[in-house]
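# Residue-level structure breakdown
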Amino acid sequence: MKQNMQSTLQSVGVFRHYCGYPHFVLSVTIAAKEPDRLQNIRKEIYLPVARLCHAELANVEKNIRTIRDVMMRNDGAALLEEMTGNSCWEKRMPYPKEIIGIFAEYFADELQEENPLFSTRS
């Protein structure tokens, strides 16, 4: 059985005390509901997350990069390989957009059941 997103993040050293934790989880939730938003991630995901979290857009982007960096320092490449079946993550640092997309696809069913997401479009 697949772990939930919180325990999966904890397994790679990403805990709730990081400022970017809610930004990442909200971004993944939005992308799980509407994957097409990843095509314009800044406007369609980061901006709504910034509004919902009362944060600056630049801080949302920076905080999600921090989550990515922590994840990759703590064996995130192995986790991403398990989630995608692709071993390329040892060779290159994934973009935040890629990690959000991977988590969104992997946890889509769980996220849509737990969070009948309110409209975040502006």
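Parameters and conventions
Residues numbered from 1 in each chain as written. Predicted model: local features only at pLDDT ≥ 70, side-chain atom pairs only at ≥ 80, totals over all residues. Heavy atoms only, no water. Core = buried A, V, L, I, M, F, W, Y, C linked by side-chain atoms within 4.5 Å. Buried < 20%, exposed > 50% of the residue type's maximum accessible area, 1.4 Å probe, protein only. Helix = DSSP H or I, 4+ residues; strand = E, 2+ residues; numbered from the N terminus. Contact = heavy atoms within 4.5 Å. Salt bridge = Lys/Arg side-chain N within 4 Å of Asp/Glu carboxyl O. Axes fitted to C-alpha atoms, helices over the stretch in contact; angles between N-to-C directions. Parallel < 35°, antiparallel > 145°, perpendicular 65-115°, else oblique. Phe/Tyr/Trp six-rings, centres within 6.5 Å; stacked < 30°, edge-to-face > 60°. Expected span 1.5 Å × (residues − 1).

## Focus: the nonpolar core
- In this structure, Phe24, Met71, Ile100 and Phe103 are the most contacted members of the largest nonpolar core, which totals 37 residues.
- Where this core is concerned, the elements lending two or more residues are α1 (5-11), α2 (20-33), α3 (41-53), α4 (57-73), α5 (76-84) and α6 (96-106).
- In this structure Met71 touches Leu9, Val12, Val14, Phe24, Gly76, Ile99 and Phe103, once residues within four positions along its chain are discounted.

## With respect to unusual backbone geometry
- Positive phi is not limited to glycine here, since His54 has a value of about 55 degrees.
- In this fold, His54 is placed in the loop between α3 and α4.
- The backbone of Asp75 shows a phi angle near 70 degrees, a positive value even though the residue is not glycine.
- Tracing the chain through its elements places Asp75 in the loop between α4 and α5.

## Some points on the pattern of salt bridges
- Following the criterion strictly, the structure yields five salt bridges and no others.
- For the salt bridge of Arg37 with Glu34, the shortest nitrogen-to-oxygen distance reads 3.7 Å.
- Note on Arg37: relative accessible area 1%, which makes it buried.
- In this structure, Arg68 and Asp69 form a salt bridge, with 2.7 Å as the shortest nitrogen-oxygen distance.
- Taking relative accessible area as the criterion, Arg68 reaches 12% and is therefore assigned buried.
- Members of the salt-bridge network, linked through shared partners, are Glu34, Arg37 and Glu44.

## Notes on the packing of α3 against α4
- Running from N to C, α3 and α4 cross one another at 100 degrees; their axes reach a closest spacing of 8 Å. Taken together, α3 and α4 sit at an angle that is classed as roughly perpendicular. Contact residues: Arg42, Tyr46, Leu47, Val49 and Ala50 in α3; Leu57, Val60, Glu61 and Ile64 in α4.

## Structural notes on the packing of aromatic side chains
- By the definition in use, this model includes three aromatic pairs.
- Their ring planes at 80 degrees and their centres at 5.2 Å tell us that Phe24 and Phe103 sit as a pair that is edge-to-face. Note that Phe24 is positioned in helix α2 and Phe103 in helix α6, a separation of 79 residues in sequence.
- The class of Phe24 is buried, set by a relative accessible area of 2%.
- Judged by its relative accessible area of 0%, Phe103 falls in the buried class.
- Cluster of aromatic residues (ring-pair linked, three or more members): Phe24, Phe103, Tyr106 and Phe107.

## Examining α2
- Taking 1.5 Å of rise per residue, 14 residues should cover 20 Å, and α2 covers 20 Å from first to last C-alpha, within 8% of that figure.
- Burial analysis of α2 places eleven of its 14 residues in the buried class, the great majority of the element.
- Every buried residue of α2 is listed here: Gly20, Tyr21, His23, Phe24, Leu26, Ser27, Val28, Thr29, Ile30, Ala31 and Ala32.

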